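Inside the fold
Now for the letters of each chain:
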Amino acid sequence: MSRKEYLDTYLTMISLRGLTDHTLKSYRTYISAYLDFVFDLLKKDPADVTWDEMRLFIKHLQETRHLADRTINAAISQLRFFTMYILHKPWDQTQLPMRRFDQHIPFVPSRDEVTTFINAIDNPKVRTMVILMYSAGLRISEVCHIKCEDIDRRNMRIHITHGKNRSDRYALLSPIALKELEAYWRKCGKPRNYLFPQRHNPDKPNDPANVELHMKNTEAKLGWDHRFTCHSFRHAFATHFYEDTHDLLTLKHLLGHKSINSTTIYVTLSDVTLRKYASPFDSLEVRNG
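Here's what I pulled together on the structure shown here.

About the cut-offs
- Residues numbered from 1 in each chain as written.
- Predicted model: local features only at pLDDT ≥ 70, side-chain atom pairs only at ≥ 80, totals over all residues.
- Heavy atoms only, no water.
- Helix = DSSP H or I, 4+ residues; strand = E, 2+ residues; numbered from the N terminus.
- Areas by Shrake-Rupley, 256 points an atom, 1.4 Å probe, with all protein chains shown as cover.
- Lys, Arg positive; Asp, Glu negative; His and termini not counted.
- Charge placed at Lys NZ, Arg CZ, Asp CG, Glu CD.
- Axes fitted to C-alpha atoms, helices over the stretch in contact; angles between N-to-C directions.
- Contact = heavy atoms within 4.5 Å.
- Salt bridge = Lys/Arg side-chain N within 4 Å of Asp/Glu carboxyl O.
- Buried < 20%, exposed > 50% of the residue type's maximum accessible area, 1.4 Å probe, protein only.
- Parallel < 35°, antiparallel > 145°, perpendicular 65-115°, else oblique.
- Left-handed = near helix turned anticlockwise from the far one by under 90°.
- Nonpolar A, V, L, I, M, F, W, Y, C, P; charged D, E, K, R; others polar.
- Arc of directions from axis to C-beta.
- Phe/Tyr/Trp six-rings, centres within 6.5 Å; stacked < 30°, edge-to-face > 60°.
- Lys NZ or Arg CZ within 6 Å of the ring centre and 35° of its normal.
- Core = buried A, V, L, I, M, F, W, Y, C linked by side-chain atoms within 4.5 Å.
- Pairing = 2+ DSSP bridges.

Next up on the list: the overall build of the protein chain. Looking only at helices and strands, the protein chain features 14 helices and three strands. Expressed along its principal axes, the backbone C-alpha trace of the protein chain runs to roughly 70 × 60 × 35 Å. With the model as given, the accessible surface of the protein chain reaches about 17400 Å², and the carbon-plus-sulfur share is 51%. Distance between charge centres in the protein chain, computed from 42 positive and 34 negative side chains, equals 4 Å.

If you want it as structure tokens, here you go:
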């Protein structure tokens, strides 16, 4: 098969898994790079590539793109899929093991920082989207795909239909956030399908990249270092919710996590967790040095 035929077959197979458009784009990126490596550098057919050459590609990928270990693992997963479902060959994980990587504590803005940031946003659409990310703990992709019919005023909740785990859920609808949402809706043309449509195409959801750009501009206006991402507001919601309620099970459902293990990170991120307890050293009668 040609390079294009391999890629087309690969895209067909991964599309059968029902992946999101974002995931499909990610999967295409590294396999396209792999096919370029195999055809242009190795001058071989993918079916003839050895484990040594596959490891060489991973090294090449990391050195040329300076990818993090977590991202390298994603590329290895895609190679595994390609090997098993396109080449119909067995995968040996001892030949290309997954990388170990450090777990970093994500940036969580304080309540004052969230307030200052939201008040500094000039664009009413972006301001309202950020308010929903924080007030309901939503991912940016979920906010972009909210439709007008998903806003349940009677029960004060938001129906999330494009969650990361492919499962519907309900998120909180804050009364104050609802007022902001209604003001935006009246001011910005009263959208009828997607609540936050593209500017020139109301039948398509807004692009998350546009929101990220506005956020960087807001940080620059405030004179802050670049730390905020869209996910920072989801982290902030979860951390502040836990500080107020200590209810991990409810938080798990609100965030749409499959496992409670994903939710327990917010115990670590919470300031209350540390302030609540004292060090055992404080109970000792140690002479001052």
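At a minimum axis separation of 6 Å, helix α6 (residues 124–136) and helix α10 (residues 230–245) run at an interaxial angle of 30°. Contacts from Val130, Met133, Tyr134, Ser135 and Ala136 in α6 reach Cys230, Phe233, Arg234, Ala236, Phe237 and His240 in α10.

One pass over the full model with this rule turns up 15 salt bridges. One salt bridge connects Asp152 with Arg157, and the closest N-O pair in it is separated by 3.1 Å. Note on Arg157: relative accessible area 29%, which makes it partly exposed.

Turning next to the environment of Thr9. With respect to the helices, strands and loops of the structure, Thr9 is situated in helix α1 (residues 3–15). What makes Thr9 partly exposed here is its relative accessible area of 30%. Between the alpha carbons of Thr9 and Ile86 there is a distance of 7.1 Å; along the sequence they are 77 residues apart. Excluding residues that lie within four positions of it along the chain, Thr9 makes contacts with Met1 and Ile86.

Turning next to unusual backbone geometry. In the Ramachandran plot, Met156 falls in the positive-phi region, its phi being about 50° despite a non-glycine side chain. Within the secondary structure, Met156 sits in the loop between β1 (151–152) and β2 (157–160). Even without being a glycine, His246 presents a positive backbone phi close to 55°. Along the polypeptide, His246 turns up in the loop between α10 and α11 (248–255).

With that out of the way, let us pick up the packing of helix α5 (residues 111–120) against α6. A pair of packed helices is characterised by two quantities: the angle between their axes and the separation of those axes. Between α5 and α6, the least distance of the axes is 10 Å, while the angle of their chain directions is 160°. In terms of orientation, α5 lies roughly antiparallel with respect to α6. When the axes of α5 and α6 are compared, the crossing they make is left-handed. Between α5 and α6, the residues in contact are Arg111, Val114, Ile118 and Asn119 and Arg127, Val130, Ile131 and Tyr134, respectively. Within the contact of α5 with α6, the residues separate by chemical class into five nonpolar, one polar and two charged.

Next up on the list: α5. Given 3.6 residues to a turn, an α-helix orients residues that are three or four positions apart in the same direction. Of the residues making up α5, those classed as buried are Val114, Phe117, Ile118 and Ala120. Summarising the axial view, the buried residues of α5 lie within an arc of 165°, below the 170-degree limit, and thus occupy one face. Residues of α5 that are exposed and point over 90 degrees away from its buried face: Asp112 and Asn119. Buried positions along α5 lie against α6, α9 (208–222) and α10.

Attention now goes to the packing of aromatic side chains. With the rule as written, the count across this model stands at 17 aromatic pairs. Judged by centre distance (5.9 Å) and plane angle (45°), the rings of Tyr6 and Phe82 are tilted. Of this pair, Tyr6 sits in helix α1 while Phe82 sits in helix α4 (residues 69–85); the two residues are 76 residues apart in sequence, bridging distant segments of the chain. You can call Tyr6 buried: its relative accessible area is 5%. Connected via pairs of aromatic rings, a cluster forms that spans Tyr6, Tyr10, Tyr34, Phe37, Phe39, Phe57, Phe81, Phe82 and Tyr85. A cation over a ring is seen here: Lys147 above Tyr194, with NZ or CZ 5.1 Å from the ring centre. Residue placement shows Arg157 over the ring face of Tyr170; its charged tip is 3.7 Å from the ring centre.

Time to look at the nonpolar core. Ranked by size, the top nonpolar core spans 34 residues in total, and within it Met133, Leu138, Ile151, Ile158, Phe196, Val211 and Phe233 carry the most contacts. Elements with a contribution of two residues or more to this core: α5, α6, α7 (140–144), β2, α8 (175–187), α9 and α10. For this core, the leading source of residues is α6, giving seven residues. In contact with Leu138, not counting residues within four places along its chain, are Leu132, Met133, Val143, Ile146, Ile158, Ile160, Arg169, Ala171 and Arg234. Tyr10, Ile14, Leu61 and Leu79 belong to the second-largest nonpolar core, a separate cluster that totals 29 residues.

Turning next to the sheet that holds β1. The strand order across the open sheet built from three strands is β1-β2-β3, with neighbouring strands paired in antiparallel fashion. Each end of this open sheet is capped by a strand with a single partner; those strands are β1 and β3 (169–172). Bridge count between β2 and β3: four bridges; the pairing is antiparallel. When the bridges of β3 are listed, Ile160 appears paired with Arg169.

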